[in-house]
Amino acid sequence: MSFQITVEPSGRRFTADDNETLLTAGIRQGIGLPYGCKDGACGSCKCKKVSGTVVHGPHQEKALSADEEAQGLILTCCATAQSDVVLESKQVTEEGGLPVKKMPVRVASLEKKSHDVMVLKVQLPASEPMKFRAGQYIEFILRDNSRRSYSMANAPHTLEVSPPQVELHIRHMPGGKFTDPVFSTMKGKDILRAEGPYGSFYLREDSDKPMILLASGTGFAPIKALIEHMQHIGSQRPATLYWGGRRPADLYMADWVQAQCAAMPNLKFVPVISNAEAEDNWTGRTGFVHQAVLQDHPDLSGHQVYACGAPIVVESAQREYVAQGKLPAEEFYADSFTSEADKAKA
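(A) How the structure looks around the overall build of the protein chain. Broken down by element type, the protein chain carries 8 helices and 19 strands. The globule rule puts the C-alpha radius of gyration for 346 residues at 20 Å, and the 20 Å found for the protein chain is close to it. Counting only C-alpha atoms and orienting by the principal axes, one finds that the protein chain spans roughly 60 × 50 × 40 Å. Within the protein chain, the fraction of its 346 residues that count as buried is 51%. When the accessible area of the protein chain is evaluated, it comes to approximately 15700 Å², of which 49% is carbon and sulfur surface. Treating the 37 positive side-chain charges of the protein chain as one cloud and the 41 negative ones as another, the clouds have centres 4 Å apart.

What follows is the structure, given as structure tokens:
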């Protein structure tokens with residue numbers, strides 16, 4: 001049985017079967033609903049149910065609390081329709097989503113950037129180039145059909161060269177089903193299965209507000225793509241990148257950022273280290289990266305924030321920027337890097 005799903009205020013409509021989530025149905029029909037992890041862990045897809053009945057699958061309390069559910073909020077990534085449903089979602093893109101493709105990709109190169117970060121470049125099929133927005137991610141489909149998600153660290157215009165490649169920043173998670181091979185047995189020309197693009201994290205080009213770009217660890221990857229895209233389109237919007245790590249080596253492409261700042265006068269870079277050792281000789285900012293933003297910008301009411309990285313950083317930033325910094329809640333865009341361990345808590 002299928003039901004009609006209406007998204008307000010855009011008025012866009014799509015159908016959802018009673019055995020698929022609203023998000024899956026929306027993606028299948030090119031409807032640009034906001035989302036992140038697709039596993040009930042991050043809360044990015046949370047929106048208001050105006051009418052109708054849905055049933056939720058497993059999800060985390062932090063993503064949708066019982067109180068929020070009682071108020072009519074739902075997670076489209078784990079909600080299935082039991083009737084026609086009307087949703088209220090302000091972030092539906094007018095042009096809809098880009099087509100999701102399943103494709104073989106070939107390992108082009110592996111470059112270790114730090115003790116636990118690998119830059120993996122994979123070659124896409126030249127015959128059917130994937131269209132994506134800077135900031136989106138792809139999923140690798142493993143042999144057991146499990147999936148691992150990684151943000152693309154390059155902007156779409158870079159695919160215009162031949163052969164087209166996407167860049168991914170992989171942090172080693174010891175015992176990781178995908179990251180262990182990346183750091184041990186994977187080699188050039190290996191074939192992997194991938195699907196994408198996914199995600200609603202991308203630059204809102206209809207705004208001229210100054211931007212805070214917030215990254216922790218490999219959360220820098222989609223931010224790098226945004227910066228490349230901003231340079232490509234000649235964006236004049238002021239942007240400040242706050243990139244946090246435990247040790248200076250965690251800011252594994254700081255030199256690249258410094259070079260971009262030299263080329264982009266409106267881009268500033270504030271590296272923040274939380275656990276520097278004496279041997280690091282670190283003289284820059286210290287502490288939690290999301291707090292450094294509020295120290296410099298106590299009033300965020302006129303800004304947009306793009307935040308990527310560890311869930312605790314993204315969640316803390318969203319909560320504190322809205323409550324203390326007066327950031328409009330709808331101007332906080334995020335991609336929370338939920339690991340398999342995070343998802344398992346659902």
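Having seen the model, we can carry on.
(B) Examining empty space enclosed by the protein more closely. The full count for this structure, using the stated rule, is 2 cavities of 30 Å³ or more. Size it by volume and the second largest cavity reaches roughly 40 Å³. Taken together, Y35, G36, C37, K38, G40, A41, C42, G43, S44, C45 and C77 make up the full set of residues lining the second largest cavity. Classifying every residue of the lining of the second largest cavity gives 6 nonpolar, 4 polar and 1 charged.

(C) Structural view of the pattern of salt bridges. Overall, the coordinates contain 17 salt bridges when judged by the stated rule. Salt-bridge contacts for R147 lead to E195; the nearest nitrogen and oxygen are separated by 2.7 Å. Of the two residues, R147 sits in strand 11 (residues 147-151) while E195 sits in strand 13 (residues 191-198), which places them 48 residues apart along the sequence. The class of R147 is partly exposed, set by a relative accessible area of 28%. For E195, a relative accessible area of 10% puts it in the buried group.

(D) Local environment of the environment of K131. Within the secondary structure layout, K131 lies in the loop between strand 9 (117-123) and strand 10 (137-141). For K131, a relative accessible area of 59% puts it in the exposed group. Not counting residues up to four positions away in its chain, the partners in contact with K131 are L98 and P197.

(E) Fine view of the side chain of T21. Structurally, T21 is set in the loop between strand 2 (12-17) and helix 1 (22-28). When its relative accessible area of 16% is taken as the criterion, T21 is described as buried. Among the polar contacts listed, one links the side chain of T21 to the side chain of T24, at a separation of 2.8 Å. Beyond its immediate chain neighbours, meaning those up to four positions away, T21 contacts T76, C77, C78, A79 and T80.

(F) Summary view of the packing of aromatic side chains. One pass over the structure, following the stated rule, counts 11 aromatic pairs. Look at F140 and F178: their rings are 4.8 Å apart centre to centre, the planes differ by 20°, and that puts the pair in the stacked class. Of this pair, F140 sits in strand 10 while F178 sits in the loop between strand 12 (165-171) and helix 3 (179-182), and the two are 38 residues apart along the sequence. For the pair shown, F140 and F178 are each scored as buried. Between W243 and Y252, the ring centres sit 5.2 Å apart and the planes meet at 85°, which makes this aromatic pair edge-to-face. Each residue in the set F220, W243, Y252 and W256 is aromatic and connected to the rest through ring pairs, giving one cluster. We note K38 situated over the ring of Y198; from NZ or CZ to the ring centre the distance is 3.6 Å.

(G) Highlighting the pairing of strand 19 (residues 332-336). Buried residues dominate strand 19, accounting for 4 of its 5 residues. Relative to strand 19, strand 18 (residues 304-309) runs parallel, the two sharing 5 bridges. Bridge pairing in strand 19 links Y306 to Y333. Handedness of the strand 18-helix 7 (residues 311-323)-strand 19 crossover: right-handed.

(H) Region of the structure containing the packing of helix 6 (residues 289-296) against helix 7. Following both chains from N to C, one finds helix 6 and helix 7 inclined at 25°, their axes separated by 9 Å at the closest point. Put simply, helix 6 runs roughly parallel to helix 7. Here helix 6 runs over helix 7; the crossing is right-handed. Residue-level contacts link V289, H290, Q291, V293 and L294 of helix 6 to V313, S316, A317, E320 and Y321 of helix 7. Considering only residue class, the contact of helix 6 with helix 7 consists of 6 nonpolar, 3 polar and 1 charged.

(I) Structural detail: the sheet that holds strand 18. Spatial strand order, 17-16-15-14-18-19: 6 strands in an open sheet with parallel pairing. At either margin of the open sheet sits one strand with a lone partner, and together these are strand 17 (285-286) and strand 19. Helix 5 (residues 254-263) contacts strand 15 (239-245) and strand 16 (267-273) of the sheet and is inclined by roughly 155° relative to strand 16. Sitting on the sheet, helix 7 touches strand 14 (211-216), strand 18 and strand 19, and the angle it makes with strand 19 is about 165°.

(J) Highlighting the sheet that holds strand 9. Strand order in the open sheet made by the 6 strands is 11-10-13-8-9-12, with antiparallel pairing throughout. Only two strands of the sheet have a single partner each, and these edge strands are strand 11 and strand 12. When the angles between neighbouring strand axes are averaged without regard to direction, this sheet yields 40°. Bridging between strand 8 (residues 101-114) and strand 13 involves 6 bridges; their strand directions are antiparallel. Paired with K102 across the two strands is E195, which belongs to strand 13.

Scoring rules and cut-offs
Residues numbered from 1 in each chain as written. Predicted model: local features only at pLDDT ≥ 70, side-chain atom pairs only at ≥ 80, totals over all residues. Heavy atoms only, no water. Helix = DSSP H or I, 4+ residues; strand = E, 2+ residues; numbered from the N terminus. Rg over C-alpha atoms; globule rule 2.2 N^0.38 Å. Buried < 20%, exposed > 50% of the residue type's maximum accessible area, 1.4 Å probe, protein only. Areas by Shrake-Rupley, 256 points an atom, 1.4 Å probe, with all protein chains shown as cover. Lys, Arg positive; Asp, Glu negative; His and termini not counted. Charge placed at Lys NZ, Arg CZ, Asp CG, Glu CD. 1 Å grid on protein atoms, 1.4 Å probe; cavity = no way out; pocket = protein on both sides within 12 Å on 5 of 7 lines; lining within 4 Å. Points joined across faces, edges and corners; volume = space filled by probe spheres on them. Nonpolar A, V, L, I, M, F, W, Y, C, P; charged D, E, K, R; others polar. Salt bridge = Lys/Arg side-chain N within 4 Å of Asp/Glu carboxyl O. Contact = heavy atoms within 4.5 Å. Polar contact = N/O pair within 3.5 Å; in protein donor to acceptor, adjacent residues only side chain to side chain. Phe/Tyr/Trp six-rings, centres within 6.5 Å; stacked < 30°, edge-to-face > 60°. Lys NZ or Arg CZ within 6 Å of the ring centre and 35° of its normal. Pairing = 2+ DSSP bridges. Right-handed = clockwise from strand over helix to strand, strands pointing away. Axes fitted to C-alpha atoms, helices over the stretch in contact; angles between N-to-C directions. Parallel < 35°, antiparallel > 145°, perpendicular 65-115°, else oblique. Left-handed = near helix turned anticlockwise from the far one by under 90°.

Geometry only, nothing functional implied.
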